[in-house]
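Chains, contacts and geometry: an overview
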Amino acid sequence: MTEIAAVAIIIAIGLTLVRALLGPTLYDRVLAVNSLGTKTVLFIGFLGFVLGRPDWLDIAVLYALINFVSTIAILKFFRYRSFQVPLHRRPVTKTPTEQGGDSV
Amino acid sequence: MSELLDILMFLKPWVGGILCVIGALLALIGSIGVLRFPDFFTRLHAASITDTSAVTLSLLGMAILAPNWLVVFKLAAIWLFIFLTSPTGSHALANAAHTAGLQPVLGRDLRRPDNREEEA
Amino acid sequence: MGYFAGLIFVLAALWLGLSGIYKPLLLILAGISILISVVLASRLETVDREGSPYGRSIPILSYWAWLMVEIFKANWPVIKACVSANLNINPAFVRVKTRCESDLAKTIFANSITLTPGTVTVEVEGNKLLIHALFEEDATPDSFDEMDLRSYRAADGKREEELAA
């Protein structure tokens, strides 16, 4: 049964990849890559069960972590054009360009 | 009592496998939605099917198939992590697109907004 | 101090659950890695009510159980829209006011809306939320009222007593 599920996930990944290549705007592509990452987590899990090695779930945990960080990093870069801008937790009055240099 | 246990052990691979297949099919439906929907904001909704129900059902099926409790814990960790991060990622995407001035398709007749291409 | 204890407990549980090998050397390494994580978290000043909200786990977990049912109910119309021949959707922007005051409650409310298929929080300003909905007729401001009330109770209920204690 998990073999069928793995094949279905592969088809889903292919369709998402089509959207990532077609996607008219940047946000469509980021969305497709993010969704593709979630499906990859599921696929690694299924593959581990198909091959009888559920230890592969460690890789799936890692992939879930990296997927989130990469989405946020891409969006941050395209918003501020830099990775050095702190993401403030409280409302700031300064504009993003002014606060760029003071902290990492 | 032991007969009941036997029946449960017989059903276990089938229930787990069917849950996995349903989850994978939901992920497939989510990607079909991501391909078909007319603009970015509506595609976000299709992607959230994958993030919620497909993930939950697949991981539940894998947890039923799992050989020991360590694997169940790892599946639970993945599930918790995806449920904490996927709304944050979706919100960041939607907020970034909205701030950049991407106009959505609105209404039942799906009126096309006049998006300027350089914003994309 | 309770926040630190909660964070250390959760990190230790995570390590023990993910590792599966309980030899003395690995347990010492686990202690060192937990210590480093806690020091880093306290340097980032994230160990507070938001960063380690484990004191409220019981109301938050019961809220989560209710939310799961809502998510599965909301999945159905979106799945139907994905596979139907003519896209039967009616996207719209909706503005919703929330009664949540603390950042934790607002985060829980906004994330619940985003998790529910068919609605996505686009912007949060003060106590107003801008929501993009896939079906305009289902996303009236009243339909978010129960979720708002429940997330307020989960994160902020009896908060005055907690602050006084």
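Residues numbered from 1 in each chain as written. Chains lettered and ligands numbered in written order. Predicted model: local features only at pLDDT ≥ 70, side-chain atom pairs only at ≥ 80, totals over all residues. Heavy atoms only, no water.

Each partner contributes to the interface: chain B provides 46 residues, whereas chain A provides 39 residues. Summing both partners gives a buried area of about 3600 Å² for chain B against chain A, and 82% of it is carried by carbon and sulfur. On the chain B side of the interface with chain A, the three residues burying the most area are Leu35, Met62 and Leu93 of chain B, jointly 15% of the side's total. Summed over the shared surface of chain B and chain A, the number is seven residue pairs in polar contact (both at pLDDT 80 or more). The element best represented in the side of chain B that touches chain A is helix H3 (residues 69–99) of chain B, accounting for 15 residues. Taken together, the residues of the side of chain B that touches chain A break down into 34 nonpolar, nine polar and three charged. (Contact = heavy atoms within 4.5 Å. Buried area = accessible area lost by both parts, 1.4 Å probe. Polar contact = N/O pair within 3.5 Å; in protein donor to acceptor, adjacent residues only side chain to side chain. Helix = DSSP H or I, 4+ residues; strand = E, 2+ residues; numbered from the N terminus. Nonpolar A, V, L, I, M, F, W, Y, C, P; charged D, E, K, R; others polar.)

Once that is clear, we can look at the UniProt feature "transmembrane region" (unreviewed entry) in chain C. Per the UniProt record, "transmembrane region" (unreviewed entry) is annotated on residues 29–46 of chain C. As annotated, residues 29–46 of chain C comprises 83% helix and 0% strand, and the C-alpha atoms at either end are separated by 24 Å. (UniProt positions renumbered as here; feature names shortened; annotations may be inferred.)

Often the size quoted for an interface is simply the accessible area lost on bringing the parts together. With 39 residues of chain B at the interface, the matching set in chain C holds 43 residues. Taken together, the two surfaces of chain B and chain C that pack against each other cover about 3400 Å², and 72% of this comes from carbon and sulfur. Our count for the contact surface shared by chain B and chain C stands at zero salt bridges. On the surface where chain B and chain C come into contact, there are five residue pairs in polar contact (both at pLDDT 80 or more). A per-element tally of the side of chain B that touches chain C places H3 of chain B first, with 15 residues. Among the residues making up the side of chain B that touches chain C, the classes are represented as 22 nonpolar, 14 polar and three charged. (Salt bridge = Lys/Arg side-chain N within 4 Å of Asp/Glu carboxyl O.)

Attention shifts here to the sheet that holds strand E3 (residues 128–133) of chain C. Residues and elements named next belong to chain C. What the three strands build is an open sheet, ordered E1-E3-E2; its pairing is antiparallel. Of all strands in the sheet, those bounded by a partner on one side alone are strand E1 (92–97) and strand E2 (119–125). On average, adjacent strands in this sheet sit at an angle of 25 degrees to one another, irrespective of strand direction. In this structure, E2 lies alongside E3, joined through six bridges in antiparallel fashion. Bridge pairing in E3 links Glu125 to Lys128. Against the sheet, helix H4 (residues 103–115) contacts E2 and E3, and its axis sits at roughly 155 degrees relative to E2. (Pairing = 2+ DSSP bridges. Axes fitted to C-alpha atoms, helices over the stretch in contact; angles between N-to-C directions.)

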